[in-house]
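Per-entry structural report
What follows is each chain in one-letter form.
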Amino acid sequence: MEALDPLLLSRLQFAFVVSFHAIFPVFTIGLAAYIAVLEGLWYRSNDDRYRQLAEHWTRIFAVVFGMGVVSGVVMSFQFGTNWSNFAYATANFIGPILSYEVLTAFFLEAVFLGILLFGRDRVPRGTHLFAACMVAIGTFISSFWILSANSWMQTPAGFEWRDGIVYVTSWSEAIFNPSLWYRFAHVAVASLLTGGFVVAGVSAYYLLRKRAVEVHRKALSMAMWMILCAAPAQALVGDMHGLHTFEKQPIKVAAMEGNWHTRTGAPLYLIAWPDAEAEAHRFSIGIPNAASFILTHDWHGEVPGLTEVPAAERPPVGPVFWSFRVMLAIGFVMIAVALWGAWLRWRGRLYESRALHRVLQWMIPAPFVAVLAGWFVTEIGRSPWLVYGQMSLSEGVTPSLTGAMALATLIGYIVVYGIIFWAGIYYLSRIVIKGPEGYAQPRPPEIYPLRPMAVVDVSFDDDPGAETAGAEHNAYTLGESRSAEQRTGSDGVGGAGGPEGPDRDREQRGGKRHGVD
């Protein structure tokens, strides 16, 4: 092995890029669904609080969506630069699947995202609601195709090898491979949890500072209902996914449980220090027979061990073992927070509990960490296979790739993505600090956005706190609805479809723009 191993560096590079990218889609999927619900509630009830929340979170969605696109577009390039043997061998399946994702999801999102971001008060409310729903559906369709490709690599089906090339024999079996629906459900619920905890944490931030109290009480209530439903559901989905993995990838589960030797009545290790050379734990604390019961529903069920396969075909036990426990621990904390919130709601203290609000702020990073930990379990646990049981990692790497080339691109990704992450988090924090009350007065109709980020309307270097200082005690901050007179007086557009705003706007535009439905 050379000093700079191109295989190891390529794995580190792809792991870094995927890990960085994954935190954005998992958030936008949940947030897009939340925005669609808000738009639907506003359309039905005409409660201006829903509109205020939808506008605020759409600004955040625009930034996160942009960061996700920028960070994700380079991933497919790595198939050719670092994993050309894999790309060549599996192109008959992976190529069309990635194309389907672009054609059915990315184009859908791209078309309707423009209407969602810039169409408010410029298209009928029903059309704007439809656009929000299409963007939300598009995010789920996108995740379906990506997970179909990844699940096929975990549980390949519907294909055959001919001269080292994959040929699809059944598209339905390949696309809807055995692990697809378990993974799709697991990721979908994780996305809803991520969106729920971010919304809850940001709403708690505002409530602690008594900003737009009525508006963010509504947001907190909706988020806590989502968390209460999704957190226990994720435990159920995760259990089903684990049982299926136990059936299809028993060695991965053995690494997750830290079970070295096949045995009956296997313990559930809470803490352990795996030693790959000794094929044992240096120390451990576990619950007797619990792993057997969870995996086989029998206290004395047999659980396969890592020693069932040669050492070269085992995944790295330590990262898989600990990542799995990090994910589980965060999941149980989420359930505890959900139950705590339900108890406070029952006691009538959900909006006054400063302790809960502080915890919710601390919980904002938790779902992202859980998603990354789960992804590490999935991907590292598949080692040493690129396509499980069919193609190893060493067989899929680009033959001409050198360690120096892989190291150079890895460093480049780290530097560029570090800048993107810092700038994105900084900008998002400014949007949050400004808050929805910073937009109490809509922009005049003469102003049209010139670029996608114009919808955010937050300067990168001005003080957002100064913009909202004078607004924190007005009627909007207290959660009262903006009147139609205020809105039409400021931008010539009726908030609920009043005749004055559209008529005057048509005069200003020379009759070129339609009125609000």
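Since we're looking at a predicted model, the values are computed, not measured.

Looking at the environment of Pro232
With respect to the helices and strands, Pro232 occurs in helix H8 (residues 213–248). Placed 106 residues apart in sequence, Pro232 and Ala338 show a C-alpha to C-alpha distance of 8.9 Å.

Looking at the packing of aromatic side chains
Working definition: an aromatic ring pair is given by the centre-to-centre distance plus the angle between the planes. As enumerated under the stated definition, the model contains 27 aromatic pairs in all. One Lys or Arg, Arg120, reaches over the ring of Trp42 and ends 5.6 Å from the middle of that ring. Sitting over the face of the ring of Tyr167, Arg162 holds its NZ or CZ atom 4.4 Å from the ring centroid.

Some points on a nonpolar patch on the surface
The grouping of Val69, Tyr100, Val102, Leu103, Phe106, Phe107 and Trp171 at the surface amounts to a nonpolar patch, some 590 Å² of accessible area in total. A per-element tally of the nonpolar patch places helix H4 (residues 84–118) first, with five residues. For Leu103, the position within the fold is in helix H4. Residue Leu103 is classed as exposed on the basis of its relative accessible area, which comes to 53%.

A look at the side chain of Glu109
In this fold, Glu109 is placed in helix H4. Buried charge without a partner: Glu109 forms no salt bridge, and the closest opposite charge is Arg120, 17 Å away. Apart from the residues within four sequence positions on either side, Glu109 is in contact with Phe65, Val135, Gly138, Thr139 and Ser142.

A short note on helix H12 (residues 354–362)
Every buried residue of H12 is listed here: Leu356, His357 and Leu360. An end-on view of H12 places all buried positions within 100 degrees of arc, on one side of the element. Next to the buried residues of H12 lie helix H7 (180–208), H8 and helix H11 (317–347).

Conventions adopted
- Residues numbered from 1 in each chain as written.
- Predicted model: local features only at pLDDT ≥ 70, side-chain atom pairs only at ≥ 80, totals over all residues.
- Heavy atoms only, no water.
- Helix = DSSP H or I, 4+ residues; strand = E, 2+ residues; numbered from the N terminus.
- Phe/Tyr/Trp six-rings, centres within 6.5 Å; stacked < 30°, edge-to-face > 60°.
- Lys NZ or Arg CZ within 6 Å of the ring centre and 35° of its normal.
- Patch = residues over 30% accessible without salt bridge, like charges linked within 9 Å, V, L, I, M, F, W, Y side chains within 5 Å.
- Areas by Shrake-Rupley, 256 points an atom, 1.4 Å probe, with all protein chains shown as cover.
- Salt bridge = Lys/Arg side-chain N within 4 Å of Asp/Glu carboxyl O.
- Buried < 20%, exposed > 50% of the residue type's maximum accessible area, 1.4 Å probe, protein only.
- Lys, Arg positive; Asp, Glu negative; His and termini not counted.
- Contact = heavy atoms within 4.5 Å.
- Arc of directions from axis to C-beta.

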